[in-house]
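Chain by chain, the residues:
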Amino acid sequence: MNAPAPAASRALRVGVVMDPIAGINPKKDSTLAMLLAAQARGWELHTLELADLWLRDGAAFGRARAVTVRTDLEDWYTQAAPCVQPLASFDVLLMRKDPPFDTEYIYATYILERAEVAGCLVVNRPQGLRDMNEKVFTAWFPEACAPTLITRTMSDMQSFLAEHGKAVCKPLDGMGGRGIFVLEMGDKNASSVFETLTGYGQRYAIIQRYLPEIVAGGDSRIILIDGEPVPYALARIPAATDHRGNLAAGAKGVGRPLTDRDRWLCAQVGPVLRERGMLFVGLDVIGQYITEINVTSPTGIRELDAQFNLDIAGQLMTAIAARRGG
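Rules of the game
- Residues numbered from 1 in each chain as written.
- Predicted model: local features only at pLDDT ≥ 70, side-chain atom pairs only at ≥ 80, totals over all residues.
- Heavy atoms only, no water.
- Helix = DSSP H or I, 4+ residues; strand = E, 2+ residues; numbered from the N terminus.
- Buried < 20%, exposed > 50% of the residue type's maximum accessible area, 1.4 Å probe, protein only.
- Contact = heavy atoms within 4.5 Å.
- Polar contact = N/O pair within 3.5 Å; in protein donor to acceptor, adjacent residues only side chain to side chain.
- Pairing = 2+ DSSP bridges.
- Axes fitted to C-alpha atoms, helices over the stretch in contact; angles between N-to-C directions.
- Core = buried A, V, L, I, M, F, W, Y, C linked by side-chain atoms within 4.5 Å.

Turning next to the environment of aspartate 284. Inspection of the secondary structure puts aspartate 284 in strand S17 (residues 280–286). Here aspartate 284 falls in the buried class, since its relative accessible area comes to 5%. Along the sequence, aspartate 284 and aspartate 102 sit 182 residues apart, while their C-alpha atoms lie 21 Å from each other. In contact with aspartate 284, not counting residues within four places along its chain, are Asp219, Ser220, Arg221, Arg236, Tyr289, Ile290, Thr291, Glu292 and Asn294. In terms of polar contacts, aspartate 284 uses its side chain to reach the side chain of asparagine 294, at 3.1 Å.

Written out as structure tokens, the structure reads:
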């Protein structure tokens, strides 16, 4: 149920680093939901893009645009002209730039970290964004994950496929289902896939045992706020013509309550995320296992809000206010 913002909340200055707001899908965009929730609390909002950030003599600056937002799907924002401001002048900075997680993204986290050192709360924490690759960080929780190999050796990938009979292969820096392949033993495309993903052995890639539960149960997104799970997951059921459980690839989002196994998985990961300052994270779960830990710009909250009358972005703002003493 939607909860009103606490009357005693201190008004915070919030900057949101994101892709251009003019290009988002206002019906589904999770960052817009966050902006709306922050605005409902009377917080002052500004948007920035990666090109707006820089360092000068160790201090972080940005060209920030004051913004107001609306639920109108045709006219969802009003944005002011950019104004140069020290990033430390913000109480909170939300890092919501979509992948790819490339060197430019990494450089941006260094800039945001200088703002953090100067007293700004950055969500998610810059060091965590650098340390927790969404596919590799599952290795810190092997008991919660299906058999997984991360390598750039194509013969090892072939051996893994032979061992398990069917596997999912993907790049380490993709998003939205891009570059995902499902292979069975004997598939004549396997060598070509391994060559493509690894650049003939020059890049790391990931291969995981195929989990057949995705066909009926989907690839479920579980949202954790400051380490605690939202009580419903968004099961993304692949289209009949596709293997991928990604909304961007045509999967259908169906909400469901968390299972006991889901809660156990969250209990393994949640305390680590909280300790490392990762306030908003999406776990991808197929069947009994975590397949990814999404820390950059997790989505799916609009669908869960609509299906279960939730206010997930509002919950995040409550967690942020608690961190800031608001």
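By the criterion of burial, strand S18 (residues 289–294) is predominantly enclosed, with five of the six residues buried. Connecting the antiparallel pair S17 and S18 is a turn made up of two residues, with glycine 287 showing a positive phi of about 60 degrees.

With that settled, the discussion passes to the sheet that holds strand S12 (residues 205–209). One open sheet accounts for four strands, arranged S9-S12-S10-S11; its pairing is antiparallel. This sheet does not close on itself; its edge strands, each paired only once, are strand S9 (148–151) and strand S11 (181–184). Geometrically, the sheet is characterised by an average inter-axis angle of 25 degrees between neighbouring strands, direction not taken into account. Relative to S12, S9 is paired through four bridges, and the arrangement is antiparallel. From the neighbouring strand, threonine 148 faces S12, where its bridge partner is glutamine 208. Sheet strands touched by helix H4 (residues 154–164): S9, strand S10 (166–171), S11 and S12. Its angle to S12, the strand with the most contacts, is close to 10 degrees.

With nine of eleven residues buried, helix H1 (residues 30–40) lies mostly within the body of the structure. Those residues of H1 that sit buried are Ser30, Thr31, Leu32, Ala33, Met34, Leu35, Leu36, Ala37 and Ala38. A side-chain oxygen of the first residue of H1 lies 3.0 Å from the backbone nitrogen of threonine 31; this N-cap is aspartate 29. Of the residues trailing H1, glycine 42 is marked for its positive phi of about 80 degrees.

With 38 residues, the main nonpolar core has Leu94, Ile312, Met317 and Ile320 as its most contacted residues. When near neighbours in sequence (up to four residues on either side) are disregarded, isoleucine 312 contacts Ile223, Ile225, Val230, Phe280, Ile301, Leu304 and Asp305. With 37 residues, the next largest nonpolar core counts Leu93, Tyr105, Leu129 and Cys266 among its residues.

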